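# Observations on the three-dimensional arrangement
Chain by chain, the residues:
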Amino acid sequence: MENTDLLSRSLQGRIKNARRLAIIGIGDELILPDRPGMYAAREIERRHIPGIRVFFAGTVPESITGPLRRYQPEHVLFLDAADMGARPGTIAVIEPGQIQARLVSTHVLPLSVVMEYVERETGAEVTLLGIQPDLTGADKDLSGEDRKFLDRNIRGLLDVLEKG
């Protein structure tokens, strides 16, 4: 089964009733393997999907908690690079118990702490989407077929977000 199909089915049930969805892009854009979350968030922002607001947290996801509370989302979707042992460009839901082992972390606070705080403070449901970077080298960005694969997966994600 295609990654986009798995992602669609996994995500659709989580966000289907959310009228206000927050997308949080996470990552250090200067460290290529940590860039995918920010890249995906920028692609989502370009679509200007009604009911969706994109926040760019960079390496400090806790910095968006104030603006996020003011937005009052019903669901918060975090996007971050994660080592899932998958093909580079794969996007998948990461369950809370899997977070520590999977993230390519450059964050000050553990993302699990930030996610719990956001959930408690906003009352919104929270989901983490991991994006598999290319971990074959610190200076390695997705290219060629892997970049096309990521872009196809982002288009699948956008389709889910637009259908809400």
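Starting afresh in each chain, residues are numbered from 1 along the sequence in its written order. Reporting of local features is limited, given that this is a predicted model, to residues whose pLDDT is at least 70; pairs of side-chain atoms are given and counted only at 80 or more, and all residues count toward the totals for whole chains, interfaces and linings. Just so you know, side-chain values use all the structure's heavy atoms and leave hydrogens and water out.

To continue, consider the nonpolar core. Core analysis: the biggest nonpolar cluster contains 23 residues, and Ile23, Ile44, Ile52, Leu79, Leu129, Leu157 and Leu161 have the highest contact counts within it. Here a strand is any run of E in DSSP of at least two residues, a helix any run of H or I of at least four, and the numbering for each starts at the N terminus. Sorting the residues of this core by element identifies α1 (3–15), β1 (21–26), α2 (36–47), β2 (52–58), β3 (75–81), β4 (91–94), β5 (125–131) and α6 (144–163) as the ones contributing at least two each. Tallying contributions element by element places α6 first for this core, with six residues. Residue contacts are defined here by distance: any two heavy atoms, one from each residue, within 4.5 Å place the two residues in contact. What Ile23 contacts, discounting residues up to four positions off in sequence, is Ile44, Ile52, Arg53, Val54, Phe55, Leu77, Leu79 and Leu161. Residue types Ala, Val, Leu, Ile, Met, Phe, Trp, Tyr and Cys, when buried and joined through side-chain atoms within 4.5 Å, form a set referred to as a nonpolar core. When a residue's accessible area, from a 1.4 Å probe over protein chains only, is under 20% of the maximum for its type it is buried; when over 50% it is exposed; and in between it is partly exposed. Residues Phe55, Ile64, Leu111 and Val114 belong to the second largest nonpolar core, which totals 20 residues.

Turning our eyes to something else, we now look at the packing of α2 against α6. Between α2 and α6, whose axes approach to 10 Å, the crossing angle comes to 45°. Classified by the angle their axes make, α2 and α6 are oblique. Every pair of crossing elements has a handedness; the one defined by α2 and α6 is right-handed. Packed against α2, whose contacting residues are Tyr39, Ala40, Glu43, Ile44 and Arg47, the element α6 presents Arg147, Leu150, Asp151, Ile154, Leu157, Leu158, Leu161 and Glu162 at the interface. Axes here mean lines fitted to C-alpha atoms, for a helix over just the part in contact, with angles spanning 0 to 180 degrees between N-to-C directions. Relative orientations are named as follows: roughly parallel for angles under 35 degrees, roughly antiparallel for angles over 145 degrees, roughly perpendicular for angles from 65 to 115 degrees, and oblique for any other angle. Left-handed is the label given to a crossing in which the near helix is rotated counterclockwise from the far helix by less than a right angle, and right-handed is the label when the rotation is clockwise.

Glancing now at the pattern of salt bridges. For this analysis, a salt bridge means a side-chain nitrogen from Lys or Arg found within 4 Å of a carboxyl oxygen belonging to Asp or Glu. The tally for this structure, following the rule as stated, stands at seven salt bridges. With a closest N to O distance of 3.0 Å, Glu74 and Arg19 form a salt bridge. Here Glu74, found in the loop between α3 (65–71) and β3, pairs with Arg19, found in the loop between α1 and β1; they are 55 residues apart in sequence, far enough to count as distant. A salt bridge links Arg46 to Glu43, with the shortest nitrogen-to-oxygen separation between them at 2.2 Å. One end of the pair is Arg46 and the other is Glu43, both in helix α2 and three residues apart, which spans about a single turn.

Together, Arg20, Arg53, Arg69 and Arg70 make up a positively charged patch on the protein surface. Residue classification places Arg53 among the partly exposed residues on the basis of a relative accessible area of 39%. Here, patches come from residues exposed beyond 30% relative accessible area and free of salt bridges, joined within 9 Å for like charges and within 5 Å for nonpolar side chains (Val, Leu, Ile, Met, Phe, Trp, Tyr). Note on areas: Shrake-Rupley, 1.4 Å probe, and residue coverage restricted to the protein chains presented here. For the purpose of counting charges, residues Lys and Arg are taken to be positive, whereas Asp and Glu are taken to be negative. His and the chain ends are not included. Here the site of a charge means atom NZ of a Lys, CZ of an Arg, CG of an Asp or CD of a Glu.

Glancing now at the packing of aromatic side chains. Classification of ring pairs rests on two measures: the distance between centres of Phe, Tyr or Trp rings, Trp counted by its six-membered ring, which must be within 6.5 Å, and the angle between planes, read as stacked under 30 degrees, edge-to-face over 60 and tilted in between. Enumeration according to the criterion identifies one aromatic pair in this entry. Ring centres of Phe55 and Tyr71 lie 6.0 Å apart, and the angle between their planes is 65°; on these two criteria the pair is classed as edge-to-face. In this pair, Phe55 sits in strand β2 while Tyr71 sits in helix α3, placing the two residues 16 residues apart along the sequence. The class for Phe55 is buried, based on a relative accessible area of 6%.

A helix is expected to span 1.5 Å multiplied by its residue count minus one. Between its terminal C-alpha atoms α2 stretches 17 Å, which fits the 16 Å expected from twelve residues at 1.5 Å a residue. Listing the buried residues of α2 in full gives Pro36, Gly37, Met38, Ala40, Ala41 and Ile44. Contacts made by the buried residues of α2 are with β1, β2, β3, β5 and α6. Downstream of α2 by one or two residues, His48 has phi in the positive range, about 50°.

By themselves, these are just geometric observations and shouldn't be taken as functional.
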